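A closer look at the structure
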Amino acid sequence: MFEVKMQSNKVIPEHLMRSRLAQSEQMREFFIQMWLQNPALAKQGGSKVQSLLSSIPVSNKRA
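Keep in mind the model is a prediction, meaning the values are calculated, not measured.

1. As for the confidence of the model for the chain
Close inspection of predicted coordinates is inappropriate in any region flagged by low pLDDT. On average, residues of the chain score 82 in pLDDT, and 86% of them reach the 70 mark or higher. Mean pLDDT per element in the chain: helix H3 (residues 46-54) is the minimum at 81, and helix H1 (residues 14-37) is the maximum at 92.

2. Notes on the nonpolar core
Membership of the largest hydrophobic core is limited to seven residues, which are Ile-32, Trp-35, Leu-36, Ala-42, Val-49, Leu-53 and Ile-56. Looking at this core, the elements that each hand over two or more residues are H1 and H3. A per-element tally of this core places H1 first, with three residues. Excluding residues that lie within four positions of it along the chain, Trp-35 makes contacts with Leu-41, Ala-42, Val-49 and Leu-53.

3. A few points about the packing of aromatic side chains
Here the structure, examined in full by the defined rule, presents two aromatic pairs. Taking 5.3 Å as the distance between ring centres and 75 degrees as the angle between the ring planes, the aromatic pair formed by Phe-30 and Phe-31 counts as edge-to-face. Consider the rings of Phe-31 and Trp-35, whose centres lie 5.7 Å apart with planes at 35 degrees: the pair is tilted. Of this pair, Phe-31 and Trp-35 are both found in helix H1, four residues apart, which corresponds to roughly one turn of the helix. Taken together, the aromatic side chains of Phe-30, Phe-31 and Trp-35 make up a single cluster linked through ring pairs.

4. Quick notes on the pattern of salt bridges
Pairing between side chains of opposite charge can happen when the charged atoms of each approach one another. Taken as a whole and assessed by the stated rule, the structure comprises two salt bridges. A salt bridge links Arg-18 to Glu-14, with the nearest nitrogen and oxygen atoms 2.8 Å apart. Remark: Glu-14 and Arg-18 occur in helix H1; sequence separation between them is four residues, near one turn of the helix. Classification of Arg-18 by relative accessible area gives exposed; the value is 55%. Note that Glu-25 is salt-bridged to Arg-28, the shortest N-O span being 2.7 Å. Pair noted here: Glu-25 and Arg-28 are both in helix H1, with a separation of three residues, about one helical turn.

What counts and what doesn't
Residues numbered from 1 in each chain as written. Predicted model: local features only at pLDDT ≥ 70, side-chain atom pairs only at ≥ 80, totals over all residues. Heavy atoms only, no water. pLDDT = per-residue confidence, 0-100. Helix = DSSP H or I, 4+ residues; strand = E, 2+ residues; numbered from the N terminus. Core = buried A, V, L, I, M, F, W, Y, C linked by side-chain atoms within 4.5 Å. Buried < 20%, exposed > 50% of the residue type's maximum accessible area, 1.4 Å probe, protein only. Contact = heavy atoms within 4.5 Å. Phe/Tyr/Trp six-rings, centres within 6.5 Å; stacked < 30°, edge-to-face > 60°. Salt bridge = Lys/Arg side-chain N within 4 Å of Asp/Glu carboxyl O.

Put into structure tokens, the structure is as follows:
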């Protein structure tokens with residue numbers, strides 16, 4: 001097979017990377033809380049969501 005190796009000279013500024021990571025963390029926390037508060041919705045997410053939720057310590061699970 002023929003592979004094309006592309007090199008990118010773009011550099012992501014640190015402040016942009018940090019803001020994107022923070023936004024990602026906020027979204028992750030939102031979905032975790034949404035799934036914890038609505039187990040039926042979490043079941044719709046399938047085994048991947050359920051395995052992610054099962055690894056969360058009990059102290060972080062809010063009612």
